[in-house]
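Coordinate inspection notes
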Amino acid sequence: MRTILPFGPQHPVLPEPIHLKLVVEEEKVVEALPNLGYVHRGLEKLTDIRDYNQMVNIVERVCGICSCIHALNFCEAVEEMMKIEVPQRAHFLRVMWSEIHRIHSHLLWLGLFADGFGFESLFMQLWRIRERSMDLMEATAGNRVVISTNIVGGVRKDITEEQKTWILAEIDKIEAEVRQVEKTLLSDYTVKSRCCGKGVLTKEQAHQLGAVGPCLRGSGWAQDARMTGYAAYGQLDFEPVVEHDGDSYARCVVRFREVYTSCDLVRQALAKLPGGELAAKFKAKPEGEVWRRVEQPRGELFYYIKGNGSKFLERVRIRTPTFANIPPLLAMLPGCDLADVPVIVLSIDPCISCTER
Amino acid sequence: MLANEQAVTVDTLIPECQTRFDAGLRLVGISAVEIKTDSTFDVLYHFDKDLQVSHLRLNVPKADAVPSISGVYFAALLAENEIKDQFGVNFQNIVIDFGCTLYLEPEVVKSPFCTFTFAKKDKVKEEA
Amino acid sequence: MSMLKDWINKGRLKSPWVVHFDCGSCNGCDIEVLACLTPVYDVERFGILNIGDPKHADVLLVTGTVNHRNKHVLKNIYDQMPEPKAVIAMGACGLTGGVFREAYNVVGGVDKVIPVDVYVRGCPPKPEAIIDGVVLALEKVKAKLEAAG
Ligand code: SF4
């Protein structure tokens, strides 16, 4: 007996509207078809009426959760096109904000994941820890979520010595508190029974289907765009986190351990923070074609930008991580139990507003 | 012109992709750009292996059909559907074809990213 | 009968149930709504509860811009809610379309589709502002109840 079940667009475990058509045979999923478009705004087209400086604010709002990193990638691409030399201090500050953003995003996801399988008190705990990173952003940039610190040529805000000490202290607290929940999340029997072996993506599949980020690393590939050394990452010690099982649990572990890497990177960036200018002055118009990629909490983010010598860019193409992770999701779902669908969908960390822009 | 780029035609596209697939390259994404001066599209395919990125560039006149590579790279399906929506590039045989309604409601019949509406017009005709 | 009704109405105002619908927002607003539920802001101490089913809700909280596809969903959710109800539009996007107002697939603010009672500004609004908005919406619900007798 085949039944078609709709999943979404408004579903309690999904904060965002995505619609999956699940073809179910008894309790097993046979096929899943995505149905998108509930969040599509068409912001790539706004290049016609917004110049490249204004576009920074627009690409930040592709996704509120990783806004800072979108802006970072866009600025780096435009800088490459206009051959702007960005001051070193700006590079290190960009790393700091990106990593704070990553901490907040991973804790957010870990919380939602816990909520997804019904562990509400863990959700509350993780989000309580996350508020520290929100405070860090509010104190250094002035807004909690969309921080708008990157501009073409450098950064807009500076941090003082006092703030530096305070940030380091907060990062220590975040790390200590995350360590406290590690045992609950990673070795609990019920958690394991909900995630282990669910939604398996083999090593070959992950690569062939173009998975990125924790989905790729959870399947045994040591690939992280931070290894290419953009911004100041080339000057910091960095090891990608890799797991080999390829199931929901592996992806969860990757994200969990990346919180520690991020804490470490913030410390390194602040220790090496050089003095100097915040932003470079320039007089140029974007011309030519560039591509650029960075690592977002959800995976690799790819921009292709074409300029035509005026201040309006001709084309901005944004390939977001979730966009790349949906085909792997479609391959993971067939064969799983209907009850596991929410956990598997959540395990790729879907960000629909990224996907549809 | 991007570094590491290779031009392909409609006929060599699928074989080129197949070689890349067999060599273990990962499809990063597909971008389309409208070339306003000679009314063509550029379709760019981005690949990655061991953090090295390479590209394929396909230049086609607006009305021409483009073969879908989703038979080789399943991951291409969303990107191709999206480009079909936004530009009206006429991709043929996509594994799951949303027929220009991936993002847009059926009542919108103009491709928003350029003035050309090939793929959609076809659909409208069929319905009429 | 009227005593029971009074009693129910009193309960409604003391513990408003909120249904949150993401209508094409950038997530910035959504995570702030969720942040309201967590220990630091903890709206549950005011009896505010976030639920998934519009049929149980008193207040509809909408984030983000309306586009051609989700306007039907939004209307549908609004129609399912029982009277009296209040609608809160949140964030620059929900108010007018925000930075996306000129994009091709954007219809505009929430009030283009359903009547809005409370507007919460900001991009994204702070959790404190959201809580304020819900409290304000309650007053609207109260006024509607009184008007209905
Ligand atoms: S108001 Fe700002 S934060 Fe909220 S959805 Fe719109 S762009 Fe995002």
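None of these values were measured; they are calculated from a predicted model.

Reading the values: the criteria
Residues numbered from 1 in each chain as written. Chains lettered and ligands numbered in written order. Predicted model: local features only at pLDDT ≥ 70, side-chain atom pairs only at ≥ 80, totals over all residues. Heavy atoms only, no water. Helix = DSSP H or I, 4+ residues; strand = E, 2+ residues; numbered from the N terminus. Buried < 20%, exposed > 50% of the residue type's maximum accessible area, 1.4 Å probe, protein only. Areas by Shrake-Rupley, 256 points an atom, 1.4 Å probe, with all protein chains shown as cover. Core = buried A, V, L, I, M, F, W, Y, C linked by side-chain atoms within 4.5 Å. Contact = heavy atoms within 4.5 Å. pLDDT = per-residue confidence, 0-100. Near = heavy atom within 4 Å. Expected span 1.5 Å × (residues − 1). Pairing = 2+ DSSP bridges. Axes fitted to C-alpha atoms, helices over the stretch in contact; angles between N-to-C directions. Buried area = accessible area lost by both parts, 1.4 Å probe. Salt bridge = Lys/Arg side-chain N within 4 Å of Asp/Glu carboxyl O. Polar contact = N/O pair within 3.5 Å; in protein donor to acceptor, adjacent residues only side chain to side chain. Nonpolar A, V, L, I, M, F, W, Y, C, P; charged D, E, K, R; others polar.

What to know about the overall build of chain B
Each helix and strand counted, chain B has three helices and six strands in total. Expressed as a percentage of the 128 residues in chain B, the buried residues total 59%. Just so you have it, chain B exposes about 5300 Å², and 55% of that area is on carbon and sulfur atoms.

Brief notes about the nonpolar core
Within the largest apolar cluster, 122 residues are counted, with the highest numbers of intra-cluster contacts made by Phe 74, Met 96 and Ile 305 of chain A. The dominant element in this core, judged by the number of residues it contributes, is helix 3 (residues 88-116) of chain A, at 15 residues. Leave out the neighbours within four places in its chain, and Ile 305 of chain A touches Phe 74, Ala 77, Val 78, Met 81, Gly 288, Glu 289, Val 290, Leu 313, Arg 315 and Val 316 of chain A. Among the nonpolar cores identified, the runner-up in size contains 73 residues, and Leu 330 and Ile 348 of chain A together with Phe 21 and Met 81 of chain C belong to it.

Focus: the confidence of the model for chain B
Residues and elements named next belong to chain B. Chain-level statistics for chain B give a pLDDT mean of 72 and a share of 73% at 70 or above. Low pLDDT (under 50) marks residues 116-128, which in the prediction has 25 contacts with non-local residues, meaning those over four places away or in another chain. Note on the complex model: pTM 0.84, ipTM 0.79.

Overview of the site of the ligand
The full set of residues close to the ligand is Arg 61 of chain A together with Ser 25, Cys 26, Gly 28, Cys 29, Gly 91, Ala 92, Cys 93, Gly 122, Cys 123 and Pro 124 of chain C. Chain contributions to the surroundings of the ligand come from chains A and C. Where the shell around the ligand is concerned, the elements lending two or more residues are helix 2 (28-37) and helix 4 (91-96) of chain C. The leading source of residues in the shell around the ligand is helix 4 of chain C, at three residues.

As for helix 4 (residues 120-141) of chain A
Its 22 residues give helix 4 of chain A an end-to-end C-alpha distance of 31 Å, which sits within 8% of 32 Å, the value for a rise of 1.5 Å per residue. Within two residues after helix 4 of chain A, Gly 142 of chain A carries a phi angle of roughly 100 degrees, on the positive side.

Side note on the sheet that holds strand 3 (residues 40-49) of chain B
Residue and element names in this part refer to chain B. Here we have four strands laid out as an open sheet, ordered 1-4-3-2, and mixed in their pairing. Looking along the sheet, the strands with just one partner apiece sit at the ends: strand 1 (5-8) and strand 2 (26-35). Within the sheet, the average angular offset between the axes of one strand and its neighbour, ignoring direction, is 20 degrees. Here strand 1 pairs with strand 4 (residues 52-61) via four bridges, running parallel. Residue pairing in the sheet places Val 8 in a bridge with Leu 58 of strand 4. Contacts between helix 1 (residues 13-22) and the sheet are confined to strand 1, strand 3 and strand 4, with strand 4 contributing the most and set at about 170 degrees to the helix.

Side note on the pairing of strand 2 of chain B
Residue and element names in this part refer to chain B. Buried residues dominate strand 2, accounting for 10 of its 10 residues. With nine bridges connecting them, strand 2 and strand 3 associate as antiparallel partners. Considered in strand 3, the bridge of Leu 27 is made with Phe 47. Taken together, strand 2 and the strand that follows it, strand 3, pair antiparallel across an intervening segment of four residues, in which Ser 39 is found at a positive phi of about 45 degrees.

Observations concerning the sheet that holds strand 3 (residues 28-35) of chain A
Residue and element names in this part refer to chain A. Pairing within the open sheet is antiparallel, and its three strands lie in the order 1-2-3. Edge strands, defined here as strands with exactly one partner in the open sheet, are strand 1 (2-7) and strand 3. Taking each pair of neighbouring strands and ignoring which way they run, the sheet shows an average axis angle of 20 degrees. The pairing of strand 2 (residues 19-25) with strand 3 spans seven bridges and is antiparallel. Opposite Val 23, over in strand 3, you have Glu 31 as the bridge partner.

A short note on the interface of chain A and chain C
Each partner contributes to the interface: chain A provides 41 residues, whereas chain C provides 38 residues. In total, chain A and chain C occlude about 3200 Å² of area from one another, counting both sides; carbon and sulfur atoms represent 63% of this. The tally of links from chain A across to chain C stands at two salt bridges. In this structure, the salt-bridge partner of Glu 32 of chain C is Arg 144 of chain A, at a minimum N-O distance of 2.7 Å. On inspection of chain A and its partner chain C, the count reaches five residue pairs in polar contact (both at pLDDT 80 or more). Counting only elements with at least two residues in the side of chain A that touches chain C, the list comes to helix 3 and helix 4 of chain A. Top contributing element to the side of chain A that touches chain C by residue count: helix 4 of chain A, with eight residues. Among the residues making up the side of chain A that touches chain C, the classes are represented as 22 nonpolar, nine polar and 10 charged.

A look at the pairing of strand 3 of chain B
Taking burial as the measure, the 10 residues of strand 3 of chain B include nine buried ones, the bulk of the element. Between the end of strand 3 of chain B and the start of strand 4 of chain B, which pair antiparallel, lie two residues, with Asp 50 of chain B showing a positive phi angle near 45 degrees.

Quick word on the interface of chain A and chain B
Chain A puts 37 residues into the contact, and the matching count from chain B is 39 residues. Of the roughly 3200 Å² buried where chain A meets chain B, counting both sides, 62% is carbon and sulfur surface. Sorting the residues of chain A by area buried against chain B places His 207, Glu 289 and Arg 315 of chain A first, and these three jointly supply 16% of that buried surface. In this structure, the connection of chain A to chain B is made through three salt bridges. One can count eight residue pairs in polar contact (both at pLDDT 80 or more) joining chain A with chain B. Residue assignment for the side of chain A that touches chain B shows that the elements contributing at least two residues are strand 3, helix 7 (203-208), strand 6 (287-296), strand 7 (299-308), strand 8 (313-319), helix 10 (321-332) and helix 12 (352-356) of chain A. Classifying every residue of the side of chain A that touches chain B by side-chain character gives 16 nonpolar, eight polar and 13 charged.

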